[in-house]
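Architecture at a glance
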Amino acid sequence: MSYLALNIDMGKRAVLIVGGGKVAARKLQTLREAGAVVRVVAPAVLPAIREQEASGAVTIRSGGYETADLDGVTLVVAATDDPAVNRRVALEAGERSILVSVADQPEAGDCHFPAVLRRGGLEIAVSTGGRCPALAAEVRDAIAGMIGNDYADIVEQLAADREKLLTEGNGTTYNKAILRTKARCLIAELSAPKDIS
Ligand SMILES: C[C@@]1(CC(=O)O)c2cc3[nH]c(cc4nc(cc5[nH]c(cc(n2)[C@H]1CCC(=O)O)[C@@](C)(CC(=O)O)[C@@H]5CCC(=O)O)C(CC(=O)O)=C4CCC(=O)O)c(CCC(=O)O)c3CC(=O)O
Ligand SMILES: NC(=O)C1=CN([C@@H]2O[C@H](COP(=O)(O)OP(=O)(O)OC[C@H]3O[C@@H](n4cnc5c(N)ncnc54)[C@H](O)[C@@H]3O)[C@@H](O)[C@H]2O)C=CC1
């Protein structure tokens, strides 16, 4: 079985993070970048998390996980250092059809976080399906050396071209040929040796 790679608009959706340590802080960062409204519940929370309460996009409840913390959430991340608590979160989320990602027992959950590279509107997500997250991060970093910031400009340029083509009402076959060719040329230009004379 392979996982579904799907980009979800999390804007305004409620997400619960159970735990307030290093892993929770990393997932919080990712979720906030995606616009999610995040609740954190933990007896002890790192300052890096606490500081974000002022933004209004993060609320924190100090204390141990309770079932009612799941009320109204779309996704829950179980990231405590207590495997029994993480298992309970996974079980109770599953019973309520809430998506759950479990930091220490990925197989107990139903989704996980890839390593992500962004260049403006371009996003590259790398996953090993939980087999070796360190490899996912290394592959992402290797790709970062090949895909520079110029790609952000390419996205903007091609998006503008595409908008024009769509407005003109050209057919999909025509648009595909134009845009694929132009994308290929712009990529080739980036990798062509620069004339420095
Ligand atoms: C299944 C998954 C669930 C999830 O968390 O979503 C998961 C699970 C686990 N990670 C563990 C450990 C480490 N995780 C990292 C790093 C990252 N982990 C991420 C994702 C995922 N980690 C999901 C699968 C993604 C995939 O496979 O593609 C990344 C890509 C994205 C992110 O976290 O946002 C992020 C890159 C950070 C970046 O951007 O640089 C490193 C390396 C490092 O920190 O440099 C280590 C130490 C080395 C090692 O152990 O491999 C452990 C063992 C814990 C223990 O030892 O107790 C488990 C539990 C288990 O495997 O059972
Ligand atoms: N998925 C991933 O990317 C990674 C996962 N891990 C695993 O993630 C887990 C957490 O790691 P760290 O953040 O480094 O741990 P940590 O020790 O920094 O933080 C643990 C947090 O869990 C909280 N907690 C404990 N009991 C709780 C309860 N009943 N309810 C709510 N919160 C509770 C603590 O107060 C603390 O904030 C560990 O099991 C670790 O093995 C570790 C590295 C990477």
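Going by the structure above, here's the rest.
The shown structure was predicted, so the numbers you read here are calculated from the model rather than taken from an experiment.

1. Re the pairing of strand β1 (residues 14-18)
Counting buried positions along β1 gives five out of five residues, so the element sits mostly inside the fold. Alternating positions in β1 separate into two faces, Ala14, Leu16 and Val18 on one and Val15 and Ile17 on the other, with burial throughout. Alignment of β1 against strand β2 (residues 37-42), held across five bridges, turns out to be parallel. Bridge pairing links Ile17 to Val40 in β2. A crossover links β1 with its parallel partner β2, the connecting element being helix α1 (residues 22-33), and its sense is right-handed. Two strands pair when backbone bridges link them, and β1 and strand β4 (residues 75-78) are joined in this way by four bridges, in the parallel orientation. Residue pairing for β4: Val15 is matched across the bridge by Leu75.

2. Some remarks on the site of ligand 2
Close to ligand 2 lie 20 residues; Gly20, Val23, Arg26, Ala44 and Tyr65 are nearest. With respect to ligand 2, the side chain of Arg26 contributes an N or O atom lying 2.7 Å from an oxygen atom. The contact in question runs from an oxygen atom of ligand 2 to an N or O atom on the backbone of Ala44, over 2.6 Å. In isolation ligand 2 has 870 Å² of accessible area, and contact with the protein removes 69% of it. Taken together, the elements giving at least two residues each to the shell around ligand 2 come down to α1 and β2. Counting residues per element, the shell around ligand 2 draws most heavily on α1, which supplies four residues. Looking at the shell around ligand 2 residue by residue, the classes come out as 10 nonpolar, five polar and five charged.

3. Describing the environment of Glu168
In this structure, Glu168 sits in helix α5 (residues 150-168). Expressed as a C-alpha distance, the spacing of Glu168 and Gly72, which sit 96 residues apart in the sequence, is 43 Å.

What counts and how
Residues numbered from 1 in each chain as written. Chains lettered and ligands numbered in written order. Predicted model: local features only at pLDDT ≥ 70, side-chain atom pairs only at ≥ 80, totals over all residues. Heavy atoms only, no water. Buried < 20%, exposed > 50% of the residue type's maximum accessible area, 1.4 Å probe, protein only. Helix = DSSP H or I, 4+ residues; strand = E, 2+ residues; numbered from the N terminus. Pairing = 2+ DSSP bridges. Right-handed = clockwise from strand over helix to strand, strands pointing away. Near = heavy atom within 4 Å. Polar contact = N/O pair within 3.5 Å; in protein donor to acceptor, adjacent residues only side chain to side chain. Areas by Shrake-Rupley, 256 points an atom, 1.4 Å probe, with all protein chains shown as cover. Nonpolar A, V, L, I, M, F, W, Y, C, P; charged D, E, K, R; others polar.

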